[in-house]
Protein chains: 2
Amino acid sequence: MQPQHQSKTRLLDAALLVFRSRGYAGSTVEDVCAEADLTKGSFFHHFKTKEELAIAAAQHFSDRADALFTHAPYIDLPDPRDRLLAYVDFRIAILKGELRDYTCLLGTLVQETYQTHPAIRAACERHLTTHVDMLARDIAAAKARYAPDAAWTPESLGFHIQATIQGAFILAKAKNGAAVAVQCLAHLRRYLELLLVR
Amino acid sequence: MQPQHQSKTRLLDAALLVFRSRGYAGSTVEDVCAEADLTKGSFFHHFKTKEELAIAAAQHFSDRADALFTHAPYIDLPDPRDRLLAYVDFRIAILKGELRDYTCLLGTLVQETYQTHPAIRAACERHLTTHVDMLARDIAAAKARYAPDAAWTPESLGFHIQATIQGAFILAKAKNGAAVAVQCLAHLRRYLELLLVR
DNA sequence: AGAGGCATACCGACTGGTTGGTATTGTGTC
DNA sequence: GACACAATACCAACCAGTCGGTATGCCTCT
């Protein structure tokens, strides 16, 4: 990536927070500008439309997540099963602070725009699938070792993990706290342990 | 509940569809009126504000869901474990037609309004929790019979089930089809089978 | 070095369409 | 005629996007 201007990055970071707090339609361009300490003039210099911002923000979020998970401490574990369980532990561990700091932009965006903004939907689908593909590699390796004959596919389990995480965020929003999400991911971890028996 | 006017019910039914298609902020009052074949004059006769509509729609949705699940065929099954598995099967079976016909209004609403509309958030939390409580009764009975010493609580498993369903809806929206949701719920069913061993 | 020219970045007032909500006026029913 | 319901017209606020303008840096030609 060529070094993009600091202001553009500030706008994207602001968009992550604002969209995750108020949703897409509920956020105004000026909300994002205020969060980034810039003006609308500057905003429309960098982005043609609000929709373009959302698509760029999805990419930005995905890049950040990639960096986070590919540099997480557990990637060095030799056993793919251990890596998978550590991934869930890691996802539990980062459920700290405000909801807008740890919830998923992609889930938030796609939920409310899947029907009205096909381009945003497609971007979210792409990034979510990329993340699941990453998971599915470890899952496939773990399955080969611990449950080679099981009926389920690695990809389907990857999506299941992703679904549980997304749903945990919704419940956390409903209950205004991460506790319920922690419980859900604990169940998810238990499922993985039961599927991949040592 | 006293017999409410037909037009009010039409508006509520319309709100279910419109909010699930376009979200809360993305829907206009006139969208709902058009779907219900009424005008704004009539709308504001029945509801003071758009927010009040959303809260009433959450109640309406919850009532419908209650009716659906308390009259589902499987409630007669004697074994609570069977009832629980049949519940998941039933949830899989109703993933037909358009997304706006089977996704959950509560998850959609709370996702984008938890920060900006506390009253809507609270309504969604209440109805979601009620549904989980209903599940938790069967879970508790099944746990007592098949896994009395397990570490998890019935309530936490109820929320986990709910989370997986909500997340499956998000993925279905991202992929524009129910297939991925079916796979997710199949994993959920497998987890329940593994937890409650006959 | 310095003048001139040009592109990028940024600002903030403005516009035109939209939208939640109101006021007013029917209309059917008891 | 009182009341509930519904339709139309309307208003004020809001918001995405525009536009004219300024500041700053960079390149080129002398």
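For the structure itself, look to the data block above.
All figures in this text were calculated on a predicted structure; none of them were measured in a lab. (Residues numbered from 1 in each chain as written. Chains lettered and ligands numbered in written order. Predicted model: local features only at pLDDT ≥ 70, side-chain atom pairs only at ≥ 80, totals over all residues. Heavy atoms only, no water.)

**Student:** Give a description of the overall build of chain A that names residues and reports values.
**Tutor:** When you go through chain A residue by residue, the secondary structure sums to 10 helices and 0 strands. Going residue by residue from the N terminus, the α and β elements of chain A occur as α-α-α-α-α-α-α-α-α-α. Computed over C-alpha atoms, the radius of gyration of chain A comes to 18 Å, within 12% of the 16 Å expected from 2.2 N^0.38 for 198 residues, which places it in the range of a compact globule. Its C-alpha atoms give chain A principal-axis dimensions of about 60 × 40 × 30 Å. Within chain A, buried positions represent 55% of all 198 residues. At a minimum sequence separation of 6, the contacts of chain A that also span at least 24 residues come to 67%. When the accessible surface of chain A is totalled, it reaches about 8300 Å², and 53% of it is carbon and sulfur. For chain A, the distance from the average site of its 23 positive side-chain charges to the average site of its 22 negative ones is 2 Å. (Helix = DSSP H or I, 4+ residues; strand = E, 2+ residues; numbered from the N terminus. Rg over C-alpha atoms; globule rule 2.2 N^0.38 Å. Buried < 20%, exposed > 50% of the residue type's maximum accessible area, 1.4 Å probe, protein only. Contact = heavy atoms within 4.5 Å. Areas by Shrake-Rupley, 256 points an atom, 1.4 Å probe, with all protein chains shown as cover. Lys, Arg positive; Asp, Glu negative; His and termini not counted. Charge placed at Lys NZ, Arg CZ, Asp CG, Glu CD.)

**Student:** Can you explain the protein's contact with DNA strand C? Please cite residues and give values.
**Tutor:** Around DNA strand C there are 15 residues in total, and Ser7, Gly41 and His46 of chain A together with Lys40 and Lys50 of chain B lie nearest to it. When atoms of DNA strand C within 4 Å of the protein are split into backbone and base, the sugar-phosphate part holds 57%. Between DNA strand C and Ser7 of chain A, the relevant distance is 2.3 Å, taken from a phosphate oxygen to a side-chain nitrogen or oxygen of the residue. Here a phosphate oxygen of DNA strand C sits 2.9 Å away from a polar atom, N or O, in the main chain of Val29 of chain B. Looking at the surface near DNA strand C, the elements with two or more residues in it are helix H3 (40-46) of chain A together with helix H3 (40-46) of chain B. Ranked by residues supplied to the surface near DNA strand C, first place goes to H3 of chain A with 4 residues. Class assignment for the residues of the surface near DNA strand C results in 3 nonpolar, 10 polar and 2 charged. (Near = heavy atom within 4 Å. Polar contact = N/O pair within 3.5 Å; in protein donor to acceptor, adjacent residues only side chain to side chain. Nonpolar A, V, L, I, M, F, W, Y, C, P; charged D, E, K, R; others polar.)

**Student:** How would you explain the interface of chain A and chain B if you had to name every residue and give the values?
**Tutor:** Contact residues are listed per partner, giving 45 residues for chain A and 46 residues for chain B. For the pair chain A and chain B, the two sides together bury roughly 4200 Å², of which 65% comes from carbon and sulfur. Looking at the side of chain A facing chain B, the largest losses of area belong to Gln111, Tyr114 and His187 of chain A, adding up to 17% of the total buried there. At the boundary of chain A and chain B, one finds 0 salt bridges. Looking at the side of chain A that touches chain B, the elements with two or more residues in it are helix H1 (6-22), helix H6 (99-102), helix H7 (105-113), helix H8 (118-146), helix H9 (154-175) and helix H10 (179-195) of chain A. In the side of chain A that touches chain B, the residues fall into 19 nonpolar, 17 polar and 9 charged. (Buried area = accessible area lost by both parts, 1.4 Å probe. Salt bridge = Lys/Arg side-chain N within 4 Å of Asp/Glu carboxyl O.)

**Student:** With reference to specific residues and values, describe the protein's contact with DNA strand D.
**Tutor:** The full set close to DNA strand D counts 15 residues, and Val29, Lys40 and Lys50 of chain A together with Ser7 and His46 of chain B are the nearest of them. Of everything in DNA strand D that lies within 4 Å of the protein, sugar and phosphate atoms constitute 56%. Counting only elements with at least two residues in the surface near DNA strand D, the list comes to H3 of chain A together with H3 of chain B. With 4 residues, the single largest contributor to the surface near DNA strand D is H3 of chain B. Residues belonging to the surface near DNA strand D are distributed by class as follows: 3 nonpolar, 10 polar and 2 charged.

**Student:** Can you break down the packing of aromatic side chains residue by residue, with the values?
**Tutor:** Applying the stated criterion across every chain, the model contains 15 aromatic pairs over all chains. On the basis of an interplanar angle of 85° and a centroid distance of 5.8 Å, the ring pair of Phe69 of chain A and Phe90 of chain A is categorised as edge-to-face. Of this pair, Phe69 of chain A sits in helix H4 (residues 50-70) while Phe90 of chain A sits in helix H5 (residues 80-93), placing them 21 residues apart in sequence. Its relative accessible area of 5% is what places Phe69 of chain A among the buried residues. Residue Phe90 of chain A is classed as buried on the basis of its relative accessible area of 16%. An angle of 50° between the planes, with centres 5.4 Å apart, marks the rings of Phe69 of chain B and Tyr87 of chain B as tilted. (Phe/Tyr/Trp six-rings, centres within 6.5 Å; stacked < 30°, edge-to-face > 60°.)

**Student:** Mind laying out H9 of chain A, listing which residues take part and the relevant values?
**Tutor:** All names here are of chain A. Over its 22 residues, H9 runs 32 Å from end to end, which matches the ideal 32 Å to within 8%, given 1.5 Å per residue. Of all 22 residues making up H9, 19 are buried, and the element is well covered by its neighbours. Within two residues after H9, Asn176 carries a phi angle of roughly 55°, on the positive side. (Expected span 1.5 Å × (residues − 1).)

**Student:** So, the relation of the copies chain A and chain B: which residues are in play, and what are the values?
**Tutor:** It takes a turn of 180° to lay chain A on chain B, together with a shift of 0.0 Å along the axis; the resulting RMSD is 0.0 Å. What the rotation and shift describe, once combined, is the action of a two-fold rotation axis. When the interface residues of chain A are mapped onto chain B, 100% of them are again interface residues, pointing to one common binding face. (Least-squares fit on C-alpha atoms with pLDDT ≥ 70 in both.)

**Student:** A description of the pattern of salt bridges should follow, citing residues and the corresponding values.
**Tutor:** Counted by the stated rule, this structure contains 18 salt bridges over all chains. Between Asp31 of chain B and Arg22 of chain B there is a salt bridge; the shortest N-O distance is 3.4 Å. Among the residues examined, Asp31 of chain B registers a relative accessible area of 23% and is labelled partly exposed. Beyond isolated ion pairs, a larger network of salt bridges with shared partners links Asp79, Asp82 and Arg198 of chain A.

**Student:** Tell me what's going on with the layout of surface pockets, and back it up with residues and numbers.
**Tutor:** Residues and elements named next belong to chain A. When its volume is computed, the largest pocket comes out at roughly 480 Å³. Arg20, Phe61, Ala65, Leu68 and Thr103 are, among the 24 residues lining the largest pocket, the residues nearest its centre. For the lining of the largest pocket, the elements supplying multiple residues, two or more each, are H1, H4, H6 and H8. In terms of residue count, the dominant contributor to the lining of the largest pocket is H4 (7 residues). Residues of the lining of the largest pocket, tallied by class, amount to 11 nonpolar, 6 polar and 7 charged. (1 Å grid on protein atoms, 1.4 Å probe; cavity = no way out; pocket = protein on both sides within 12 Å on 5 of 7 lines; lining within 4 Å. Points joined across faces, edges and corners; volume = space filled by probe spheres on them.)

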